[in-house]
Structure formats: structure tokens, C-alpha cells
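This is what each chain is made of:
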Amino acid sequence: MKIIPLKQTQGLIIDEKEPQRRGFITGAFNYYYEFSVKDKKYSNPSYDDSYKIGDTVWVEYNESFPFINRIKSQK
């Protein structure tokens, strides 16, 4: 089995929202995070409603496919 190399970089919580389940009723949402690899930007929902716009996060991503990523560490 080949191990896929993972890289880490710093990301930023941005002013883009992802509604949570039943968010259309409750108004609950999560902000997205954004990061760059080789001058290309990627973003995904943080899935953590404790993040605020401007918070920094560590992002772990697949070296070959950076669109496969997640927040590595919590605040």
C-alpha cells in the first residue's frame, strides 16, 4: 500500500457560511476556511461553529490533490 504524503499549511477562517443541519430553521452555520497551495486557493467548511472570521487554523492536505484537506488542529 502506498502512503499518500500529507502537507500542512496555515489557513484562515473567511466570511463564507455553510448552514448546519436544520440551519434554515435555527440560523446555525459554520464559516469556511481558506488556504493556498502553489498560488491556487482552496476552501472548505470548518464544521466547527466556534471559529470566527479571521481565526487562523492549521490545514492538512494531500500533496497530490490539495482539494482533499481538513483542519488539523483546533484553536
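See the structure above.
Just so you know, these numbers come straight off a predicted model, no measurement behind them. (Residues numbered from 1 in each chain as written. Predicted model: local features only at pLDDT ≥ 70, side-chain atom pairs only at ≥ 80, totals over all residues. Heavy atoms only, no water.)

(A) Representation of the packing of aromatic side chains within the structure. Taken as a whole and judged by the stated rule, the model has five aromatic pairs. Taken together, a centroid distance of 5.5 Å and an interplanar angle of 25° make the contact between phenylalanine 35 and tyrosine 42 stacked. By relative accessible area, phenylalanine 35 is classed as buried at 2%. Every member of this aromatic cluster is reached through a ring pair, and the members are Tyr33, Phe35, Tyr42 and Tyr61. One residue, lysine 17, lies across the ring of phenylalanine 29, its end atom 4.4 Å from the ring centre. (Phe/Tyr/Trp six-rings, centres within 6.5 Å; stacked < 30°, edge-to-face > 60°. Buried < 20%, exposed > 50% of the residue type's maximum accessible area, 1.4 Å probe, protein only. Lys NZ or Arg CZ within 6 Å of the ring centre and 35° of its normal.)

(B) A look at a nonpolar patch on the surface. A grouping of Phe65, Phe67 and Ile68 is seen on the molecular surface, where their side chains present a nonpolar patch of about 320 Å² in accessible area. Mapped onto the secondary structure, isoleucine 68 falls in the loop between β4 (56–62) and β5 (69–71). By relative accessible area, isoleucine 68 is classed as partly exposed at 45%. (Patch = residues over 30% accessible without salt bridge, like charges linked within 9 Å, V, L, I, M, F, W, Y side chains within 5 Å. Areas by Shrake-Rupley, 256 points an atom, 1.4 Å probe, with all protein chains shown as cover. Salt bridge = Lys/Arg side-chain N within 4 Å of Asp/Glu carboxyl O. Helix = DSSP H or I, 4+ residues; strand = E, 2+ residues; numbered from the N terminus.)

(C) Examining the sheet that holds strand β3 (residues 40–45) more closely. In space, the five strands of this open sheet follow the order β3-β2-β1-β4-β5, with antiparallel pairing throughout. Pairing within the sheet leaves two strands with one partner each, and these edge strands are β3 and β5. Neighbour to neighbour, the strand axes of the sheet diverge by 40° on average, direction disregarded. Direction of pairing for β4 relative to β5: antiparallel, over a ladder of three bridges. Opposite valine 59, over in β5, you have isoleucine 71 as the bridge partner. (Pairing = 2+ DSSP bridges. Axes fitted to C-alpha atoms, helices over the stretch in contact; angles between N-to-C directions.)

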